[in-house]
Amino acid sequence: MRLYTGQLVFEFIVCTAATVFFSLLMRAPRKTIPLTALVGGASWVVFELLLANNQPEISAYFFGTMVVAVSAEVMARIFKMPAPIFIFPSLIPVVPGTRLYKTALALVEERYVEFRDEATRTLFAFCAIAVALALTNVAARSLSAYLSTRARRKLQKRQGKS
Amino acid sequence: MENDTVLLTEVLGLAGMLILENGGDTHRAEETAERICAAAGRPGSDVLALPTGIMITIAPYCNKKTGNRPCAGDCMACSRSTGDGEPVTLIRRVKKRTINLEKLELANRAARAFTDGKASLPETLTRLREIDTQSTGNKYIDAIYSGLSCGLFSLLFGGGWFELICAFLCGFTAQLVSSVFQHSSIYQFARNFIGGVVIASLAVLLTTFFGMGNINIIIIGSLMNLLPGLAMTNAIRDTMTGDLVSGVARFADVLLIALSLAGGVGVVLSVFIGLGGVVR
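None of the values given here were measured: they were computed from a predicted structure.

A. Here's a closer look at the overall build of chain B. Per the secondary structure count, chain B includes 11 helices and 3 strands. Relative to the compact-globule value of 19 Å for 280 residues, chain B shows a C-alpha radius of gyration of 24 Å, a clear excess of over 25%. With respect to the three principal axes, the spread of C-alpha positions in chain B is 80 × 30 × 30 Å. Put simply, 69% of the contacts in chain B that link residues at least 6 apart link residues at least 24 apart. In the structure as shown, chain B presents an accessible area of about 12,900 Å², 60% of it carried by carbon and sulfur atoms.

B. Region of the structure containing unusual backbone geometry. Residue and element names in this part refer to chain A. With phi around 60°, Lys-80 is a residue other than glycine that occupies positive phi space. Relative accessible area serves as the criterion here: at 69%, Lys-80 is assigned to the exposed category. You will see that Glu-110, though not glycine, has its phi angle at about 60°, which is positive. When you line up the elements, Glu-110 lands in the loop between helix 5 (97–108) and helix 6 (112–161). Judged by relative accessible area, which is 56%, Glu-110 ranks as exposed.

C. Summary view of the packing of helix 1 (residues 5–21) of chain B against helix 2 (residues 26–39) of chain B. All names here are of chain B. Direction vectors running N to C along helix 1 and helix 2 enclose 160°, while the axes themselves pass 9 Å from each other. On the basis of the axis angle, helix 1 is roughly antiparallel to helix 2. The handedness of the crossing between helix 1 and helix 2 comes out as right-handed. On helix 2, the residues touching Leu-8, Val-11, Leu-12, Ala-15, Gly-16, Ile-19 and Leu-20 of helix 1 are Thr-26, Arg-28, Ala-29, Thr-32, Ala-33, Ile-36 and Cys-37. Class assignment for the residues of the contact of helix 1 with helix 2 results in 10 nonpolar, 3 polar and 1 charged.

D. Summary view of the interface of chain B and chain A. With 43 residues of chain B at the contact, the number on the chain A side is 44 residues. Taken together, the two surfaces of chain B and chain A that pack against each other cover about 4,100 Å², and 80% of this comes from carbon and sulfur. If you look at where chain B meets chain A, you find 1 salt bridge. Close ionic contact of Asp142(B) with Arg27(A) constitutes a salt bridge, the shortest N to O distance being 2.9 Å. Elements supplying a minimum of two residues to the side of chain B that touches chain A: helix 2, helix 4 (101–115), helix 6 (139–156), helix 9 (215–223), helix 10 (229–240) and helix 11 (244–274) of chain B. In terms of residue count, helix 6 of chain B provides more of the side of chain B that touches chain A than any other element does, 9 residues in total. Residue classes in the side of chain B that touches chain A are distributed as 24 nonpolar, 14 polar and 5 charged.

E. Region of interest: the domain arrangement of chain B. Residue and element names in this part refer to chain B. Domain assignment breaks chain B into domain 1 (2–133) and domain 2 (139–274). A separation of 36 Å is found between the C-alpha centroids of domain 1 and domain 2. Where domain 1 abuts domain 2, roughly 890 Å² becomes buried across the two surfaces, and 50% of that area is made up of carbon and sulfur atoms. Among the residues domain 1 hides against domain 2, the three largest losses belong to Asp-25, Pro-51 and Lys-96. Together they make up 43% of the total. Joining domain 1 to domain 2, the criterion identifies 0 salt bridges. Taken together, the links from domain 1 to domain 2 amount to 2 residue pairs in polar contact (both at pLDDT 80 or more). When residues of the side of domain 1 that touches domain 2 are traced back to their parent elements, those giving at least two are helix 2 and strand 1 (46–50). In terms of residue count, helix 2 provides more of the side of domain 1 that touches domain 2 than any other element does, 3 residues in total. Of the residues belonging to the side of domain 1 that touches domain 2, the class tally is 4 nonpolar, 4 polar and 3 charged.

F. Structural context of a nonpolar patch on the surface. Residues and elements named next belong to chain B. There is a patch of nonpolar side chains on the surface, built from Trp-161, Ile-165, Leu-169, Phe-209, Phe-210 and Met-212 and spanning about 680 Å² of accessible area. Mapped by element, the contributors of at least two residues to the nonpolar patch are helix 7 (161–180) and helix 8 (187–210). Sort the elements by how many residues they give to the nonpolar patch and helix 7 lands first, with 3 residues. With respect to the helices and strands, Phe-210 occurs in helix 8.

G. Just the side chain of Asp142(B), in detail. Looking at where Asp142(B) falls in the secondary structure, it is placed in helix 6. In contact with Asp142(B), other than residues within four places in its own chain, are Leu25(A), Arg27(A), Thr136(B) and Gln175(B).

H. Representation of the environment of Glu123(B). Residues and elements named next belong to chain B. On the secondary structure map, Glu-123 appears in helix 5 (residues 121–132). Separated by 10 residues in sequence, Glu-123 and Ala-113 have C-alpha atoms that sit 9.8 Å apart. A polar contact is formed between the side chain of Glu-123 and the backbone nitrogen of Ser-120, at a distance of 3.2 Å.

Conventions we followed
- Residues numbered from 1 in each chain as written.
- Chains lettered and ligands numbered in written order.
- Predicted model: local features only at pLDDT ≥ 70, side-chain atom pairs only at ≥ 80, totals over all residues.
- Heavy atoms only, no water.
- Helix = DSSP H or I, 4+ residues; strand = E, 2+ residues; numbered from the N terminus.
- Rg over C-alpha atoms; globule rule 2.2 N^0.38 Å.
- Contact = heavy atoms within 4.5 Å.
- Areas by Shrake-Rupley, 256 points an atom, 1.4 Å probe, with all protein chains shown as cover.
- Buried < 20%, exposed > 50% of the residue type's maximum accessible area, 1.4 Å probe, protein only.
- Axes fitted to C-alpha atoms, helices over the stretch in contact; angles between N-to-C directions.
- Parallel < 35°, antiparallel > 145°, perpendicular 65-115°, else oblique.
- Left-handed = near helix turned anticlockwise from the far one by under 90°.
- Nonpolar A, V, L, I, M, F, W, Y, C, P; charged D, E, K, R; others polar.
- Buried area = accessible area lost by both parts, 1.4 Å probe.
- Salt bridge = Lys/Arg side-chain N within 4 Å of Asp/Glu carboxyl O.
- Domains from an automatic or database assignment.
- Polar contact = N/O pair within 3.5 Å; in protein donor to acceptor, adjacent residues only side chain to side chain.
- Patch = residues over 30% accessible without salt bridge, like charges linked within 9 Å, V, L, I, M, F, W, Y side chains within 5 Å.

This is the structure in structure tokens:
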């Protein structure tokens, strides 16, 4: 599947715009909307690029979510707001809600072979997303704890000397 | 400090409910409640948060500083072990779950203000009550946002300008219809099933009337707003952080939503095909 640069740029812009409206619908704080929208667009681009290079679907979901999760943790520290506020809007393009719908549709229309296929793919996709989120969350928390203890020890040393 | 247990129960109930109602996970609600209790001098309190409610037992006042470690309840400072003083249990039911990041952030900030010592308990209670009774915005503007985002997503799934317009109309109407049911008790189910029916009917009408457009792209684009993708992510995250009941409950919720949506769309499509229509 070849991806043309023009198409990528178009999809990036469309995805960013769609994320903006989703953020507004979720009542995200106004000042966070531009950044989360850009992150949403970027995650879709990463996702599409990985798929276009014949990478396994699961890694596309994983790295797409990684982009979102890492940016969300960084922005959470900068804006001093909880991370889910940045994760929810930007994650919408990557989350395979349509796949879930197709699974349910296959079941309702009695196409059981497709149901089994789609259900398994959906489950793996969601697991990849959840693992990416969990890993980043744990890493970010350990890093903050480590940095804050280091800063505290430096402060104590400086106070001890003076 | 010892006598403000009633005030504390109100604050805890509101804080927990606000977080669970507006998109926070159970871990966040439990952590917030535990921090509020510790800041109020009762670090031995126990919190159980579920998607459908929060249950807190507030230990008697002891004001021991346990830092980041949870209180083990085995020191004599807490009158729990000596039998003096009474623990108080409160349960707060959470009847609806939406994603409202503004309320989530405000509730989090109000709770933080108390645990950092910058606000008193009565102030926090007033603040939380304000957040709870905030107006939730204009339903027409929400419908426009919904329509626009659905339309743009249909572009992303390979649609053209006709799919854009159709998905906008479908998303707009679906959001309006679901806002009618906002205060009823079958809000979740009605929103998804009737939303699916509305979207599918409108999509079918528009494609047959104008004779062009890919109906699958239109339907999938318009469903983006209703799809439980984020709920499923939260389900797996809750299971991973160890809250198994919450994870399984949310997973069941996701299944129900997906089946309602597919059921709504499936009913309309099969009626349409049965009446001799052609699905392009």
